[in-house]
Amino acid sequence: MMRICPIGHHPSVLIAAGIMAIGGLASTRQPGLAATVELISSAGPAGQGAAAATPDQGPALSTAGAKPGSKPAAPTAAPPLPAHLEPLALHDYTGILGKKIVGPDGKELGLVVDVLVDAQGHPRAAVIDFGGFLGVGSRKIAIDWRLLKLTPGQPDWKISLNLDRAEIQAAPEYKPDEASAKIVGPAPKASPLPAKDK
Amino acid sequence: MGAAAKQGKKRPAPSAERSLDWLNLFVGNIQTGFGPFIAVYLTTRGWTETSIGLALSLGTVAAMASQIPAGALVDAIRHKAWVVILSILAFSISALLFAIQPAPLAVYVAEILHSFSSCTLSPAIAAISLAVAGPAVLGLRFGRNARFAAIGNGVGAVMMGACGYYVSAQSVFFLTAALSLPALVPLSTLVRVDHTGVQAAGNGTVRTKHERPTQVLTDRRLLTFACSAMLFTLGNAAMLPLIGNTLTKTVGAAADLVIAACIVLPQLIVALLSPAVGRMAETKGRRVILLSGLISLPIRGVVFALLPSPVPIVLVQALDGLAGACLGVLVPLITSDIAGRSGHYNLALGFVGFAVGIGATLSTALAGWIGDRHGQPLAFVTLAACGLAACVLVLSALPETKPA
């Protein structure tokens, strides 16, 4: 399950239903599977509940992935499909958990291990696991969502970040249980990057 | 020397000695293995931190729970070489499970398999060493074991690291599975040696005494030794992660390189020193060697607390290699002094392993807790104090165990 994000306010929603469903779906990544996937589109509590009820691991979802929200298919008498299904075209979405983030030089900076969302479910920051050698000395850093640049591609989207290693190295470590988390935001002098989530 | 000559009749065949060298090297190879890559690999497969933490904790709990039963099991099985073969196969099956099907159930099974086979593997290798070398030159044998295991560890870490960096995290697991195959080759010799070793022990003068298991486990020397090994690990296990933490804050971009040096250098020292440590344990006795290994921990802790910069850190990390060599040789050796002919050698080894496991598990929690509240220097000092306590315990309560 997503961690409750401790940025500033007190969120009640854990994660946007869309990100959950998309995260699971994209992990199938089998081109031959289907050109579109269907999202449960009722935006109300039912939709979120369904997404939140799905297991949080990619592998587990990949079997049930074609129909998010439905239980892993029972052999006989499959339950009826949810009433509102919205098609989502392949290449229109990507999973983000566990994806590589590359720096300006194209080198890997780290893996996305968590997404922090606000009370509306909008992503605020990506938590990346950065650095270290054989698991020693790696640390987590929260990066403002708007600093991530997503480039659709096949088979994976490229997720890049316009910060170099030194800048990330200087960033404070993200600790989920602290009273307030510090996230690396856009540089104050530069005009903020076009917001993706508003 | 005289003792070795006395053994002339069943002098360990050089081929068996060499097979043991290779076995330790290949097992060291796979044992560094995929551990550090599990978290990264599962992350790339969309696992969340919580589920990864759960899987890793399951592995820790399984390892703790199986130490002592695994030791008893190895005692009960006459042909230790087969235990090693099965353990290695279990290792590679576990690696393949991770690689092929990282679904929750498979990962849990792989974790448990991995934990249990680690618990049977090392005692069985120690038992074969005892059979091959005989008690008189056992220190030298364990010195060689530790040297080749360290070389295997180092080579394994380099190969897996390169594979993880240039290919993928998944490839590390396939590599581990593949590397377990050469480990089976030296066992073709050891299967025979083990057998004759058992026969020689049976009709020789050194007969197994067959004590009760409780008698062995309540031996005051074993309890004291296990307790000091636990205290040492309590201070030692969190040292490296804490150094890593300090370095990422102070060093900047070169931190990863310095951390790599902190990991590789001690392995080199272990490979260099272990045979000498084994020899000196036979000539100068176990206590003095054990103490010189243990005392290195408080020294490291204090230096890290006072001088948290790369050059002193890397230099003092060499002491970790000294401690690694001493403990690597002395854990099987002292245990063999105490329980080697009781018929419960592996049970006793499992008991010491269990104590070490407790220390390792609590260590990171202890260091993290103190580091968060009172800062890193105090965390280092606390770890140093654990090492000092281990020294004091050995000084005051552990007699020399080397047979006269």
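Preceding this section is the structure that the text describes.
Let me begin by describing the structure that accompanies this report. In this text, all values refer to a predicted model and were calculated from it rather than measured experimentally. (Residues numbered from 1 in each chain as written. Chains lettered and ligands numbered in written order. Predicted model: local features only at pLDDT ≥ 70, side-chain atom pairs only at ≥ 80, totals over all residues.)

### Details of the nonpolar core
- By size, the foremost hydrophobic cluster in this structure holds 160 residues, and its most contacted members are Ile128, Ala142 and Ile143 of chain A together with Cys326, Leu330, Ala348 and Val352 of chain B.
- Sort the elements by how many residues they give to this core and helix α6 (residues 104-133) of chain B lands first, with 15 residues.
- Aside from chain neighbours lying at most four places away, what touches isoleucine 128 of chain A is Ile101, Leu109, Gly110, Leu111, Val112, Val113, Ile141 and Ile143 of chain A. (Core = buried A, V, L, I, M, F, W, Y, C linked by C-beta atoms within 7 Å. Buried ≥ 20, exposed ≤ 12 C-beta atoms within 10 Å, placed from the backbone. Helix = DSSP H or I, 4+ residues; strand = E, 2+ residues; numbered from the N terminus. Contact = placed C-beta atoms within 7 Å.)

### Some details on the pairing of strand β7 (residues 148-151) of chain A
Residues and elements named next belong to chain A.
- In this structure, β7 lies alongside strand β8 (residues 158-161), joined through four bridges in antiparallel fashion. Within β8, the position partnered with lysine 149 by the bridge is serine 160.
- Here β7 hands over to β8 after six residues, the two strands then running antiparallel side by side. (Pairing = 2+ DSSP bridges.)

### What about the packing of helix α7 (residues 138-166) of chain B against helix α8 (residues 169-184) of chain B?
Residues and elements named next belong to chain B.
- Contact pair α7 / α8: the axes reach a minimum separation of 7 Å and the direction vectors enclose 145 degrees. The handedness of the crossing between α7 and α8 is right-handed. Two secondary-structure elements touch here, α7 through Met159, Met160, Cys163 and Gly164 and α8 through Ala169, Ser171, Val172 and Leu175.
- By residue class, the composition of the contact of α7 with α8 is six nonpolar, two polar and no charged. (Axes fitted to C-alpha atoms, helices over the stretch in contact; angles between N-to-C directions. Left-handed = near helix turned anticlockwise from the far one by under 90°. Nonpolar A, V, L, I, M, F, W, Y, C, P; charged D, E, K, R; others polar.)

### Brief notes about helix α17 (residues 376-397) of chain B
All names here are of chain B.
- Counted at 1.5 Å a residue, the expected span for α17 with its 22 residues is 32 Å, and the 32 Å between its end C-alpha atoms agrees.
- Looking only at α17, the buried set comprises Ala379, Phe380, Thr382, Leu383, Ala384, Cys386, Gly387, Ala390, Cys391 and Val394.
- As for α17, its buried residues are in contact with α11 (220-236), α12 (239-250), α14 (286-306) and α16 (345-374). (Expected span 1.5 Å × (residues − 1).)

### A closer look at the pairing of strand β6 (residues 139-144) of chain A
Residues and elements named next belong to chain A.
- Across six bridges, the pairing between strand β5 (residues 123-130) and β6 is antiparallel. Along β6, the bridge assignment pairs isoleucine 128 with isoleucine 141.
- Where β6 meets strand β9 (residues 183-184), two bridges bridge the pair, whose relative direction is parallel. Of the residues in β9, the one forming a bridge with isoleucine 143 is valine 184.

### Focus on the packing of helix α15 (residues 310-339) of chain B against α16 of chain B
All names here are of chain B.
- The interhelical angle for the contact between α15 and α16, taken along N-to-C directions, is 130 degrees, at an axis separation of 9 Å. In terms of their interaxial angle, α15 and α16 are classed as oblique. For the pair α15 and α16, the crossing hand works out as right-handed. Note on element contacts: α16 touches α15 through Tyr345, Ala348, Leu349 and Val352, opposite Val331, Pro332, Thr335, Ser336, Ile338 and Ala339.
- Residues that form the contact of α15 with α16 fall into these classes: eight nonpolar, two polar and no charged. (Parallel < 35°, antiparallel > 145°, perpendicular 65-115°, else oblique.)

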